[in-house]
Number of protein chains: 2
Amino acid sequence: MHGRMMEQPLTLDAILRRARTVFGDREVVSRRADGALHRTTYGQLAARVDRLMGALQALGVRPGDRVATFAWNGHRHLELYFAVPCLGAVLHTVNVRLAPEQIAYIVQHAGDAVLCVDRALVPALLAAAPRLPAGLRYVVLDDDGRGADAGLPGALDYEAWLAQAPPPAAAVPLDEHQAAGLCYTSGTTGEPKGVLYSHRSTVLHAFGCGMVDSLGVAQRDTVLPVVPMFHVNAWGLPYAAALVGARLVLPGAHLGGDALAGLIEAERVTFAAGVPTVWNLVLQSLRRHPRDVSSLRRLVFGGAPTPRALVEQWQHEFGVPVTHAWGMTETSPVGACTHAGSTGLAPDDPADITLRGRPGRPVPGLEARIVGDDGRELPWDGQTAGELCVRGPWVASGYFGHATHEAFPADGWFRTGDVATIDPGGAIAITDRKKDLIKSRGEWISSTALENAALLHPGVLEAAVVARPDPLRDEAPVLFVVPRDAAAPPPPADLVAHLAASFPRWQLPRREDVRLVDAIPKTSVGKIDKKLLRRRLRDG
Amino acid sequence: MHGRMMEQPLTLDAILRRARTVFGDREVVSRRADGALHRTTYGQLAARVDRLMGALQALGVRPGDRVATFAWNGHRHLELYFAVPCLGAVLHTVNVRLAPEQIAYIVQHAGDAVLCVDRALVPALLAAAPRLPAGLRYVVLDDDGRGADAGLPGALDYEAWLAQAPPPAAAVPLDEHQAAGLCYTSGTTGEPKGVLYSHRSTVLHAFGCGMVDSLGVAQRDTVLPVVPMFHVNAWGLPYAAALVGARLVLPGAHLGGDALAGLIEAERVTFAAGVPTVWNLVLQSLRRHPRDVSSLRRLVFGGAPTPRALVEQWQHEFGVPVTHAWGMTETSPVGACTHAGSTGLAPDDPADITLRGRPGRPVPGLEARIVGDDGRELPWDGQTAGELCVRGPWVASGYFGHATHEAFPADGWFRTGDVATIDPGGAIAITDRKKDLIKSRGEWISSTALENAALLHPGVLEAAVVARPDPLRDEAPVLFVVPRDAAAPPPPADLVAHLAASFPRWQLPRREDVRLVDAIPKTSVGKIDKKLLRRRLRDG
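1. What about the overall build of chain A?
Step number 1: Scanning chain A for helices and strands turns up 16 helices and 24 strands.
Step number 2: Against the compact-globule benchmark of 24 Å for 540 residues, chain A has a radius of gyration of 23 Å, which places it among compact chains.
Step number 3: Its C-alpha atoms put chain A at 70 × 65 × 50 Å along the principal axes.
Step number 4: Looking at chain A as a whole, 60% of its 540 residues qualify as buried.
Step number 5: Taking the contacts inside chain A whose residues are at least 6 apart along the sequence as the reference set, 67% of them involve residues at least 24 apart.

2. Thoughts on the relation of the copies chain A and chain B
In summary, the two copies of the chain are related to each other by a rotation about an axis coupled with a shift along it.
Step number 1: It takes a turn of 180° to lay chain A on chain B, together with a shift of 0.0 Å along the axis; the resulting RMSD is 0.1 Å. The transformation relating the two chain copies, once decomposed into turn and shift, fits a two-fold axis. Scanning chain A for the C-alpha nearest the rotation axis identifies A:Met211, at a separation of 1.9 Å.
Step number 2: Most of the interface of chain A is mirrored in chain B, where 100% of its interface residues again form contacts.

3. Notes on the interface of chain A and chain B
Note: interface size is frequently given as the accessible area lost on complex formation between the parts.
Step number 1: The partner chain B presents 71 residues to the 71 residues of chain A that form the contact.
Step number 2: Where chain A touches chain B, the interface holds 4 salt bridges.
Step number 3: Among the salt bridges present, the one from B:Glu367 reaches A:Arg17, with a minimum N-O distance of 2.7 Å.
Step number 4: Seen at the junction of chain A and chain B, the total is 31 residue pairs in polar contact (both at pLDDT 80 or more).
Step number 5: Put simply, the parts of the chain that give the side of chain A that touches chain B at least two residues each are α1 (12-21), β9 (194-198), α7 (199-209), α9 (237-244) and β17 (386-391) of chain A.
Step number 6: Grouping the constituent residues of the side of chain A that touches chain B by class yields 36 nonpolar, 22 polar and 13 charged.

4. Remarks on the sheet that holds strand β5 (residues 112-118) of chain B
Residue and element names in this part refer to chain B.
Step number 1: Sheet architecture is open: 7 strands sit in the order β7-β6-β5-β3-β4-β8-β9, paired in mixed fashion. Looking at which strands have only one partner, the edges of the open sheet turn out to be β7 (156-157) and β9 (194-198).
Step number 2: Pairing analysis gives 5 bridges linking β5 to strand β6 (residues 137-141), with the strands arranged parallel. Considered in β6, the bridge of Val-114 is made with Arg-137.

5. Observations concerning the packing of aromatic side chains
Step number 1: Applying the stated rule across the entire model yields 18 aromatic pairs over all chains.
Step number 2: A centroid spacing of 5.6 Å and a plane angle of 55° characterise the contact between A:Trp314 and A:Phe318, whose relative ring orientation is tilted. Here A:Phe318 and A:Trp314 lie together in helix α12 (residues 308-318), a separation of 4 residues that amounts to about one turn.
Step number 3: Residue classification places A:Phe318 among the partly exposed residues on the basis of a relative accessible area of 23%.
Step number 4: Ring centres of A:Trp394 and B:Phe207 lie 6.4 Å apart, and the angle between their planes is 80°; this geometry places the pair in the edge-to-face category. Of this pair, A:Trp394 sits in the loop between β17 and β18 (414-422) while B:Phe207 sits in helix α7 (residues 199-209), each in a different chain.
Step number 5: Within the aromatic cluster, the residues linked to one another by ring pairs are A:Tyr81, A:Phe82 and A:Tyr239.
Step number 6: The side chain of A:Lys193 reaches across the aromatic face of A:Tyr399, ending 5.5 Å from its centre.

6. Here's the deal with a positive patch on the surface
All names here are of chain A.
Step number 1: Where like charges cluster on the molecular surface, the positive patch consists of Lys-435, Lys-527, Lys-531, Arg-535 and Arg-538.
Step number 2: Looking at the element boundaries, Arg-538 is found in helix α16 (residues 530-538).
Step number 3: By relative accessible area, Arg-538 is classed as exposed at 63%.

7. Observations concerning the pairing of strand β15 (residues 334-338) of chain B
Residue and element names in this part refer to chain B.
Step number 1: With respect to burial, β15 is a largely interior element, 5 of its 5 residues being buried.
Step number 2: The pairing of strand β14 (residues 322-327) with β15 spans 4 bridges and is antiparallel. Bridge pairing links Trp-326 to Ala-336 in β15.
Step number 3: Here β14 hands over to β15 after 6 residues, with Ser-332 in that stretch at a positive phi of 80°.

8. A closer look at helix α15 (residues 492-500) of chain B
Residues and elements named next belong to chain B.
Step number 1: Within α15, the full set of buried residues consists of Leu-495, Val-496 and Leu-499. Looking down the long axis of α15, one finds its buried residues gathered within 95° of arc, a one-sided arrangement.
Step number 2: Looking at the buried residues of α15, the elements they touch are α14 (447-455), β22 (460-470), β23 (474-483) and β24 (514-516).

9. Structural notes on helix α1 (residues 12-21) of chain B
Step number 1: Burial in α1(B) covers these residues: B:Leu12, B:Ile15, B:Leu16, B:Arg18 and B:Ala19. The buried side chains of α1(B) occupy one side of the element, clustering within an arc of 160° when seen end-on.

10. Section: the pattern of salt bridges
Step number 1: Considering all chains together, one arrives at 73 salt bridges over all chains under this definition.
Step number 2: Residues A:Glu265 and A:Arg291 are paired through a salt bridge, measuring 3.2 Å at the closest nitrogen-oxygen approach. In this pair, A:Glu265 sits in helix α10 (residues 257-267) while A:Arg291 sits in the loop between α11 (276-288) and β13 (298-301), placing the two residues 26 residues apart along the sequence.
Step number 3: Here B:Arg268 makes a salt bridge to B:Asp292, at a shortest N to O gap of 3.2 Å.

11. Quick notes on unusual backbone geometry
Step number 1: The residue after A:Ser332, namely A:Pro333, is reached through a cis peptide bond having omega 10°.
Step number 2: Among the secondary structure elements, A:Pro333 is positioned in the loop between β14 (322-327) and β15 (334-338).
Step number 3: One non-glycine residue, A:Ser332, lies in the positive phi region at around 80°.
Step number 4: Note on placement: A:Ser332 falls in the loop between β14 and β15.
Step number 5: Located in the positive-phi region is B:Ala234, a residue other than glycine, with phi close to 50°.
Step number 6: For B:Ala234, a relative accessible area of 0% corresponds to the buried category.

12. Some thoughts on the side chain of B:Asn233
Step number 1: In this fold, B:Asn233 is placed in helix α8 (residues 232-235).
Step number 2: Filtering out sequence-adjacent residues up to four positions away, B:Asn233 remains in contact with B:Tyr81, B:Tyr197, B:Pro238 and B:Tyr239.

13. Things to note about the sheet that holds strand β5 (residues 112-118) of chain A
Residues and elements named next belong to chain A.
Step number 1: As summarised here, the arrangement of the 7 strands in space is β7-β6-β5-β3-β4-β8-β9, forming an open sheet in which the pairing is mixed. Each edge of the sheet is formed by a strand with only one pairing partner; in this case those strands are β7 (156-157) and β9.
Step number 2: Where strand β6 (residues 137-141) meets β7, 2 bridges bridge the pair, whose relative direction is parallel. Of the residues in β7, the one forming a bridge with Val-140 is Asp-157.

14. Examining the environment of A:Ala385
Residues and elements named next belong to chain A.
Step number 1: Along the chain, the position of Ala-385 falls in the loop between β16 (367-371) and β17.
Step number 2: Distance from Ala-385 to Ile-15, taken between C-alpha atoms, is 40 Å for residues 370 residues apart in sequence.
Step number 3: In contact with Ala-385, not counting residues within four places along its chain, are Leu-378, Val-419, Ala-420, Thr-421 and Thr-431.

15. Remarks on the pairing of strand β22 (residues 460-470) of chain A
Step number 1: In terms of burial, β22(A) is a largely internal element, 9 of the 11 residues being buried.
Step number 2: The hairpin formed by β22(A) and strand β23 (residues 474-483) of chain A contains 3 residues between the paired strands.

16. Remarks on the domain arrangement of chain A
Residues and elements named next belong to chain A.
Step number 1: Assigned domains of chain A: these are domain 1 (12-255), domain 2 (366-434) and domain 3 (437-538).
Step number 2: Using C-alpha coordinates to define each centre, domain 1 is positioned 30 Å away from domain 2.
Step number 3: Contacts between domain 1 and domain 2 engage 13 residues on the former and 9 residues on the latter.
Step number 4: Counting each side, the surface lost to burial between domain 1 and domain 2 is near 940 Å², with a carbon and sulfur contribution of 75%.
Step number 5: Across the domain 1-domain 2 interface, the total number found is 0 salt bridges.
Step number 6: Taken together, domain 1 and domain 2 are joined by 1 residue pair in polar contact (both at pLDDT 80 or more).
Step number 7: Going through the elements one at a time, α4 (100-110), β8 (179-184), β9 and α7 are the ones with two or more residues in the side of domain 1 that touches domain 2.

17. Describing the environment of A:Trp444
All names here are of chain A.
Step number 1: Here Trp-444 shows up in strand β21 (residues 443-445).
Step number 2: For Trp-444, a relative accessible area of 44% gives the class partly exposed.
Step number 3: When sequence neighbours within four positions are dropped, the list of residues in contact with Trp-444 reads Leu-437, Ile-438, Lys-439, Trp-506 and Gln-507.

18. Quick word on the packing of α1(A) against α9(A)
Residues and elements named next belong to chain A.
Step number 1: Two elements in contact, α1 and α9, have axes separated by 7 Å at closest approach and are oriented at 50°. By the angle class used here, α1 and α9 are oblique. Of the two possible hands of crossing, α1 and α9 adopt the one that is left-handed. Only Tyr-239, Ala-242 and Leu-243 of α9 make contact with α1, whose side of the interface consists of Leu-12, Ile-15, Arg-18 and Ala-19.
Step number 2: A class-by-class count of the residues in the contact of α1 with α9 yields 6 nonpolar, no polar and 1 charged.

Criteria and cut-off values
Residues numbered from 1 in each chain as written. Chains lettered and ligands numbered in written order. Predicted model: local features only at pLDDT ≥ 70, side-chain atom pairs only at ≥ 80, totals over all residues. Heavy atoms only, no water. Helix = DSSP H or I, 4+ residues; strand = E, 2+ residues; numbered from the N terminus. Rg over C-alpha atoms; globule rule 2.2 N^0.38 Å. Buried < 20%, exposed > 50% of the residue type's maximum accessible area, 1.4 Å probe, protein only. Contact = heavy atoms within 4.5 Å. Least-squares fit on C-alpha atoms with pLDDT ≥ 70 in both. Salt bridge = Lys/Arg side-chain N within 4 Å of Asp/Glu carboxyl O. Polar contact = N/O pair within 3.5 Å; in protein donor to acceptor, adjacent residues only side chain to side chain. Nonpolar A, V, L, I, M, F, W, Y, C, P; charged D, E, K, R; others polar. Pairing = 2+ DSSP bridges. Phe/Tyr/Trp six-rings, centres within 6.5 Å; stacked < 30°, edge-to-face > 60°. Lys NZ or Arg CZ within 6 Å of the ring centre and 35° of its normal. Patch = residues over 30% accessible without salt bridge, like charges linked within 9 Å, V, L, I, M, F, W, Y side chains within 5 Å. Areas by Shrake-Rupley, 256 points an atom, 1.4 Å probe, with all protein chains shown as cover. Lys, Arg positive; Asp, Glu negative; His and termini not counted. Charge placed at Lys NZ, Arg CZ, Asp CG, Glu CD. Arc of directions from axis to C-beta. Domains from an automatic or database assignment. Buried area = accessible area lost by both parts, 1.4 Å probe. Axes fitted to C-alpha atoms, helices over the stretch in contact; angles between N-to-C directions. Parallel < 35°, antiparallel > 145°, perpendicular 65-115°, else oblique. Left-handed = near helix turned anticlockwise from the far one by under 90°.

Below you can see the structure in the form of structure tokens.
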């Protein structure tokens, strides 16, 4: 027997309608390419979304078609976030930091019909252009109306195009299972793989982001997504902000520590989210140029392990509580998070700070478990480590264009590739990426644990650990360190002695395996590029 | 094109699984009939839910069958909340305050197969028993294992029954559209009508309850649902608490002001929800017997208009911020709510307190509009009043066993029967129940506005306004007042003068129409029974 409740589909047009009507006056602030701030409201933006839908339809975009973006976080990108899925088409956000061959690969693989590109990013796209499909239509997002001259064949200028747009046809009926978005993983292993989000998964994820025990985005917030809109829907924040009526501040291409710190102060940002390296840059900036960042009530770290040292420094130097969020492209992404004080401890309690380096409990709606190499479930004892598996209504069930994939076995649980423990209270702690574990004489060494410990040394700015083959130990850890002061780097023996306080002798890197470097290579989404580090080691 | 996301159904077994595994150690406290506190955990409770499912199956309960409860808020009622829908059956919560003929009507109308009744409520049920179906199986919920002797034909004792239960059959596959719960409206007009909740609507509502801008139930909370579990799923709080892992405190039959105030103090309740009359009783108790209620961070008023005076008194005397929530049986029920300070004002700012007498913005997921008598949408200007209509995934689309009903017209919006304005920011203010408006010489008078103003008079404890026919004015308002001090009631002329400060002369009751009474009659869910007041007026 069915219930007798309304069959309202969980589709993104409802979020747009809410932003337009209930939160029509709430502000959306975008930093333009020239650094100036552009101010609009959800109401004005929704009116432009209507025009954009008409323009896309006039260009021939039909339900199911893929429309790509190649853009920083800005109001035009946000317009595309709503117009494309509300037409029934699929928003494919392309990572602007990819190499030209990867860009060409994923645009072809996705079968994009239209590609909307920031004027400033046209050169990056032109490098890939010879390998892009001939029929692809380009639209250039620009502040001065000269996008058509940007050098892309047959390109339309976004503003001119919108100005001439016919009104959109009658509302397209949307099914909640329909595809709404497409995002490719950064592909540190193998080819990039596409995750095809549905309206339902995206709307449920936005609801989740508004829950107290998840990200907790609320109407009272001013949200700064530093995480790019080309990266897993900027962690779902644009949709969540529109749903709850939060004010949005979009930083454009200005992602340096000073620019972000200035934006937080000037716009009284209360909620900001990005990868740890970004918050390290902002922290360094604030040390050089003190600013009032007291408006920040929630600073979300995600996309990489959160170093304990950064949690401590933000808490103690600036009184800003760090939230660690765990997720992946395949999980929409928010899968687990830990807030300051969520355990009942004070935010500056060392035990609370330790917990905030961990994902913690899965957010409401998601389920987690760990399995051994044989696929059997392992106990939640906080000790036994196994591969983390998750399931839930905003977890992928496969990759776009792949009939099957080993990450999606028949048991219905997505295999994350993270190695984790789960404690009796359901809290997850990641010990490593499966492929980054170091195997020494049959025992595992966690590269992440060594990195976090190294970061607690006062002379260390950044740290990365990868394995090198070793005739005696099978694999041995190599520690790359960026010194805080290049003129006075910490002696390798000091660093090893520092680590020896926390690790057994057999897990330590040898002194010769400590490498002082100027920088640690990062992937296109800001994670440490261990694949490249290993290649450098191999190539000497 | 469909997305490629997991098709995890939105079903209540997922909430039970989460409570069992992630929050297995969190406490559920219940006040027994004898006043003692029973303590268990979600983990222990889930194990008993398993036994209960086996017992229900052995009794012949199959998917789609209705299992009724006739019980106060307690741990056994909570076990039924999970076991019945997780079997695929439908939990029908019967209002224990109904008259015997209404109880018999809805049990017959629902077609209940089993009825689970608190031992202490057996006498109330026996009054209806002659008219209950012959085949109905009774289960008596009791602390001392003697439920079988309670005087109901063929009754089982819940604990003895559970002790002998076979293990449940393999998990029943659940569809999210399947019916999960059934609750009848209190029926102040016409016969009670049943709302048939689905798993989907119930799970989405639970998600909503965990959002910051809705009720905001969180893991850190200790939740006291004073609102009965026989009344719209206790506003969804049991399911929301289990989803987020909040500690639950269930007050049983002990609903007096002293008992509740004592429970709040002893169990350090952070979140409590009930009708305004309950919070008035608790306030009076706290004035007589001061207690430490500083743990309360959210006190939710719902089910009736929130008198401004109560918001002020709770805020100023006890520093407890009141949240006003608006909803109906047909809306699961949470439809709109306003928290202290949600507008950016201080919680003790008079303007903020004014706002908290109103529903405010619809919660994320719900949409609202107002329509005129001709069904056309009216503007959101904060002035124009019309019938409030809502829609969303946890709003009913019809009544159980009624093919159609005028509250569910073909336009897809549920007509609430409330008269409201909506301001340009989407905030709803209820001006009256449609049937309680008073029409004087072609102009409307709001009974609710007069009641709220009367409550601001220091001599008034309770107030109610209904219309009487008037030869000159068509209808005239009659004000019923319960004096704060029966020995020194406020003179009617004083009360009229007090109202004259806020209302035009033609809206005022005449002095002769002010009636000092000992009590104001309430419906079974604690609302002012205006139907009865009108009848008393008519009958002199």
